[in-house]
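Observations on chain architecture
Spelled out from the first residue to the last, the chains are:
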Amino acid sequence: MLKYDFHCHSNASDGVLSPTELVLRAVEMGVQWLALTDHDTLQGLEEAAFEAKNQNIIFVNGVEISTCWANKDIHIVGLDFDPQNITLNKLLYQQQRLRHQRALAIAEKLSLFGIDKAFEEAQSLSDGEVTRAHFAQVLVKHGLARDISQAFKHYLSQGKKAYVQPLWCDIKTAISAIHQAGGKAILAHPLRYELSRKNFQQLITDFKAWQGDALEVASCGQNPQQRQRLLALAKEHNLAASGGSDFHFPCGWRELGKELALPENTMFILTP
């Protein structure tokens, strides 16, 4: 299989690199098959596709849609769709409005901690959507957190001081919009949602019942048991496998194309 990465972010959402820089990083890392999956936006796709063509990389249109399920923020990656599709773009516009409203509410909470222009500061860090990752950088800048991880742990995660409950679409709506655009719907990083065993099984069951196409089986930093567990679940529910680094910025532990290889007999989500 070609070296691939079907889950990564540019500065059109909460990544650091521009779409062009992201593609060049992929080349540096030996990635031959790439999807850009920014949060609830297609803004960076045209630029990334142009540079991918210049670099002889197979490029796949992608997006990561935020959804709500059982009061949890669950992410659905869409791949290989028509970026001009009206239904998908309408949904993403609604998501962007919700994201903007949420960002304003987070900024209001951060004002209680002495950051008077949190939204403006977060917006200055983004070339696209304003996300919690940008507010995390603001918290670090103001000395309220040591690093991004601590900003989320103490302020921006569910139940913390500056958390605002999102009002995203549901999983079924996201899958339907991706399918209407001719794409494939993937449940992103399934083990990252801190669900009980019962709820985790229910999430997979619901995802399949709503016509989801694949699980994100391969990701950076997994142990072999985790990957085998996800492979077994995909097979049990007749779901294909996908994989991605969830890259946001150059680093050693979550890098483009790193450790994403799958067994040769795996039912993979796409063919080149």
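From a predicted model like this one, the values you see are computed outputs, not experimental measurements. (Residues numbered from 1 in each chain as written. Predicted model: local features only at pLDDT ≥ 70, side-chain atom pairs only at ≥ 80, totals over all residues. Heavy atoms only, no water.)

Some words on the pattern of salt bridges
Throughout the structure, instances matching the rule amount to seven salt bridges. The shortest N-O distance in the salt bridge between R25 and E255 comes to 2.6 Å. Of this pair, R25 sits in helix α1 (residues 19–28) while E255 sits in the segment after β8 (240–243), and the two are 230 residues apart along the sequence. In this structure, R25 and E255 share a single accessibility class: buried. The network of salt bridges with shared partners includes R25, E28 and E255. (Salt bridge = Lys/Arg side-chain N within 4 Å of Asp/Glu carboxyl O. Helix = DSSP H or I, 4+ residues; strand = E, 2+ residues; numbered from the N terminus. Buried < 20%, exposed > 50% of the residue type's maximum accessible area, 1.4 Å probe, protein only.)

Concerning the packing of aromatic side chains
The full count for this structure, using the stated rule, is six aromatic pairs. Relative to F268, the ring of Y4 lies with its centre 5.0 Å away and its plane at 75°, an arrangement referred to as edge-to-face. Note that Y4 is positioned in strand β1 (residues 4–5) and F268 in the segment after β8, a separation of 264 residues in sequence. Accessibility assignment for this pair places Y4 and F268 in one class, buried. A centroid spacing of 5.0 Å and a plane angle of 85° characterise the contact between F6 and W33, whose relative ring orientation is edge-to-face. Of this pair, F6 sits in the loop between β1 and α1 while W33 sits in strand β2 (residues 33–36), and the two are 27 residues apart along the sequence. Taken individually, F6 and W33 each receive the classification buried, so the pair is uniform in this respect. Taken together, the ring pairs connect Y4, F6, W33 and F268 into an aromatic cluster. If you follow K161 out to its NZ or CZ, it ends over the ring of Y155, 5.1 Å from the centre. (Phe/Tyr/Trp six-rings, centres within 6.5 Å; stacked < 30°, edge-to-face > 60°. Lys NZ or Arg CZ within 6 Å of the ring centre and 35° of its normal.)

Quick notes on unusual backbone geometry
Of note, E194 is a non-glycine position whose phi angle comes to about 55°, a positive value. The topology assignment puts E194 in the loop between β6 (184–187) and α8 (197–209). Even without glycine at this site, Q211 takes up a positive phi of about 75°. Mapped onto the elements of the fold, Q211 is located in the loop between α8 and β7 (214–218). We classify Q211 as exposed; its relative accessible area is 52%.

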